[in-house]
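Descriptive analysis of the structure
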Amino acid sequence: MSETVGIWIAALLTLGIFSFLYKDNPLYKFCEHLFVGISLGYYIAYYYHNGVIPKLYFPLVRQHNYFYIIPAFLGFLYFSRFVRKYAYLSRWPMAFVLGAGSGLSVPAIIQARIIRQMQGTMIDTITFSSIVMVVGVLATLSYFFFSREHKGFLKIASGMGIVYIMVGFGATFGYTVMARVSLLIGRAQFLLKDWLGIID
Amino acid sequence: MATAVVSSTLSVPNRDSVASEPPVPPREVVARDKPNDSGGSILVSWERSADDGGGRESVTEYRIFRSTPGGTFESIGSARKGVEEFADVQTIDGTEYLYVVRAFDGVSLSPPSTSEVVVSSAQWFHTGRTNILVGGVVLSFFVLWFIRKAKRGEELYIRPIAGLEAVDEAVGRATEMGRPIMYIPGIMDMDNIQTIASMVILGRVARKAAEYETPLLVPTSRSIVMSAAQETVKEAYLDAGRPDAYDSDKIMYLTDDQFGYAAGVDGLMLREKPATIFYMGCFYAESLILAETGHSTGAIQIAGTAMPSQLPFFVTACDYTLIGEELFAASAYLSKEPLLLGSLKGQDWGKAIFIALLVGGIVLVSLGFTRIIEWLATG
């Protein structure tokens, strides 16, 4: 019984969201607000149980690791936004997050996007496809030169680079569209099979 | 050196009494702190038993036991036959451990082979990532060098970027139409470099919006991004001399959920009917849903992201798209601040060196010098 009710609710909400394809309407508005509200509530509980409890409460209260007072203090500074006079204090944790985010991403990007790219491009066997790849990497890189005017050789190279980029985008577009179509098929199967029982 | 009695204290079943002869024990058991880690792990290695890959071929697995000096050995795991290493990832830094490895043939365990005492610890420097350090130092040198030059007043050229040239035009269009501007900063948090870049562009857009007295809507999917966006917009309104026009309610948080956020923003687009929509930051599968809805409302759309998988959708559905690094260059282009201009110029030099190394590396590798590949592969 509860499963049937669940299927009906899921099916009606699916149709409510799909009704957006026609135009904005009260049913879509209801589904949208329900979705936003439920997901927000879910994430509050999620962060509490997966963040506050295991990453702050347990280490601080149970394991007596008092270093955790520092992030806890930084976190509490966010609440200063509610008091106009002390709202500036909320910039401290923000500055910390920004600084840590930038600092941590730099070595990761150098490794993942520069070192690995170099490693992958240094081929030892010269074939047609390897030449296409190396030319593509160099041409695409030249497109991203910002401090020089794109004229002469750089114009030719960056022009070739943008062609490579667009070919890459075309392939990605087709690939991703196919993935989305499979999601649509999954939803249609749910409606026709689980809900209406028209197909096996 | 501390030692422990092994054979008599092993708390594991040892059916030596079974008629079959136990396998030959593994040799040269060595335990060492795992290098280049943050502590809490020890690597145990050994040479295979004579009955593994030879002899009676009877070994099915190796069993690893751990103890503190003078303590009782307890089983901590096993490794398949043919394997000569095991990582114990549950050690406490500073505590002394002893390891025993015994071959197992499905019936009985071999006599134990014991390691020396070992202690795990964290390392400050990951020696395998020296290549990243070298890259970082070279890049930092150029960035700092050009920042210095820019601060001295030297003119640094930046080529025009079509999407950014259109920012003022797009804000002006919204003003003429009497409709708001919507700015979507992606779905990732403030620790994402694209969101950080997005905040800089938001500052510029907000300043223009303040000057033209055009409402600016910023729906966010992260609470910290909302706070950062509020600070950015507030400062831009102050700079523009319009602090009274700033409305913090127009920079709102919807939900962390990816598609919940997409549904909420879609609804906002249809009801608020913005004349101009900016998508700047890190996007995933919601990109096409947002851009298509924005397109259907007739808004002029400018997007920018460094997510290769989402760029095709923005290119298709938006009027202008900042591709990859153009998003980061936008900050420098729009603000013309020496710090950002110098960084951009320094990064360009980094790219030039990258190209030179790439070409040189390909020539070397083609000639058989593969050391450079090995060096790059470390870490």
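What counts, and at which threshold
- Residues numbered from 1 in each chain as written.
- Chains lettered and ligands numbered in written order.
- Predicted model: local features only at pLDDT ≥ 70, side-chain atom pairs only at ≥ 80, totals over all residues.
- Heavy atoms only, no water.
- Salt bridge = Lys/Arg side-chain N within 4 Å of Asp/Glu carboxyl O.
- Helix = DSSP H or I, 4+ residues; strand = E, 2+ residues; numbered from the N terminus.
- Buried < 20%, exposed > 50% of the residue type's maximum accessible area, 1.4 Å probe, protein only.
- Contact = heavy atoms within 4.5 Å.
- Polar contact = N/O pair within 3.5 Å; in protein donor to acceptor, adjacent residues only side chain to side chain.
- Nonpolar A, V, L, I, M, F, W, Y, C, P; charged D, E, K, R; others polar.
- Domains from an automatic or database assignment.
- Patch = residues over 30% accessible without salt bridge, like charges linked within 9 Å, V, L, I, M, F, W, Y side chains within 5 Å.
- Areas by Shrake-Rupley, 256 points an atom, 1.4 Å probe, with all protein chains shown as cover.
- Pairing = 2+ DSSP bridges.
- Axes fitted to C-alpha atoms, helices over the stretch in contact; angles between N-to-C directions.
- Right-handed = clockwise from strand over helix to strand, strands pointing away.
- Parallel < 35°, antiparallel > 145°, perpendicular 65-115°, else oblique.
- Left-handed = near helix turned anticlockwise from the far one by under 90°.

Digging into the pattern of salt bridges
Counted according to the given criterion, the structure contains 21 salt bridges over all chains. Between A:E32 and B:R271 there is a salt bridge, with the nearest N and O atoms lying 2.7 Å from each other. One end of the pair, A:E32, is in helix α2 (residues 26-62); the other, B:R271, is in helix α5 (residues 258-272), on a second chain. Residue classification places A:E32 among the buried residues on the basis of a relative accessible area of 4%. The exposure class of B:R271 is partly exposed, given its relative accessible area of 32%. Through salt bridges with shared partners, one network takes in A:D24, A:E32 and B:R271.

Considerations on the interface of chain B and chain A
The partner chain A presents 59 residues to the 69 residues of chain B that form the contact. Summed over the shared surface of chain B and chain A, the number is four salt bridges. Between B:R271 and A:D24 there is a salt bridge whose closest N-O contact spans 3.1 Å. Where chain B packs against chain A, one counts 17 residue pairs in polar contact (both at pLDDT 80 or more). Here the element with the most residues in the side of chain B that touches chain A is helix α9 (residues 338-366) of chain B; it accounts for 14 residues. A per-class count over the side of chain B that touches chain A returns 37 nonpolar, 17 polar and 15 charged.

Things to note about the domain arrangement of chain B
Parsing chain B into structural domains produces domain 1 (20-119), domain 2 (126-161 + 337-379) and domain 3 (167-318). Each of domain 1 of chain B and domain 2 of chain B has a C-alpha centre, and these two points are 45 Å apart.

Remarks on a nonpolar patch on the surface
Residues A:W8, A:L12, A:L15, A:I17, A:F18, A:L21, A:F35, A:L184, B:F259 and B:I289 make up a contiguous nonpolar surface patch of about 900 Å² in total accessible area. Take the nonpolar patch: its biggest share by element is five residues, from helix α1 (residues 2-18) of chain A.

Remarks on the sheet that holds strand β1 (residues 27-33) of chain B
Residues and elements named next belong to chain B. Strand order in the open sheet made by the three strands is β1-β2-β5, with antiparallel pairing throughout. At either margin of the open sheet sits one strand with a lone partner, and together these are β1 and β5 (85-88). Between one strand axis and the next, the sheet turns by 15° as a mean value, whatever way the strands run. Where β1 meets strand β2 (residues 42-47), five bridges bridge the pair, whose relative direction is antiparallel. Bridge assignment links R27 to a residue of β2, and that residue is E47.

Focus on the sheet that holds strand β11 (residues 251-253) of chain B
Residue and element names in this part refer to chain B. Read across the open sheet, the six strands follow the order β11-β10-β9-β12-β13-β14; overall the sheet is parallel. Strands with a single pairing partner mark the edges of an open sheet, and in this sheet they are β11 and β14 (320-323). Neighbour to neighbour, the strand axes of the sheet diverge by 15° on average, direction disregarded. Looking at chain direction, strand β12 (residues 276-282) and strand β13 (residues 300-305) are connected through five bridges and run parallel. Bridge pairing links Y279 to A303 in β13. Together, β12, β13 and β14 form the strand contacts of helix α8 (residues 325-335), whose direction differs from that of β14 by roughly 95°.

Overview of the pairing of β12(B)
Burial of β12(B) is extensive: seven of the seven residues sit out of reach of the surface. The β-α-β motif built from β12(B), the intervening helix α6 (residues 286-296) of chain B and the parallel element β13(B) has right-handed crossover chirality.

Re the packing of α1(A) against helix α6 (residues 153-195) of chain A
Residues and elements named next belong to chain A. Look at α1 against α6: their axes get within 10 Å of each other, and the N-to-C directions meet at 135°. The pairing of α1 with α6 is recorded here as oblique in orientation. Considering the relative orientation of α1 and α6, their crossing is left-handed. On α6, the residues that touch I7, W8, A10, A11, L12, T14, L15 and F18 of α1 are L184, R187, F190, L191, D194 and W195. For the contact of α1 with α6, the class distribution of residues is 11 nonpolar, one polar and two charged.

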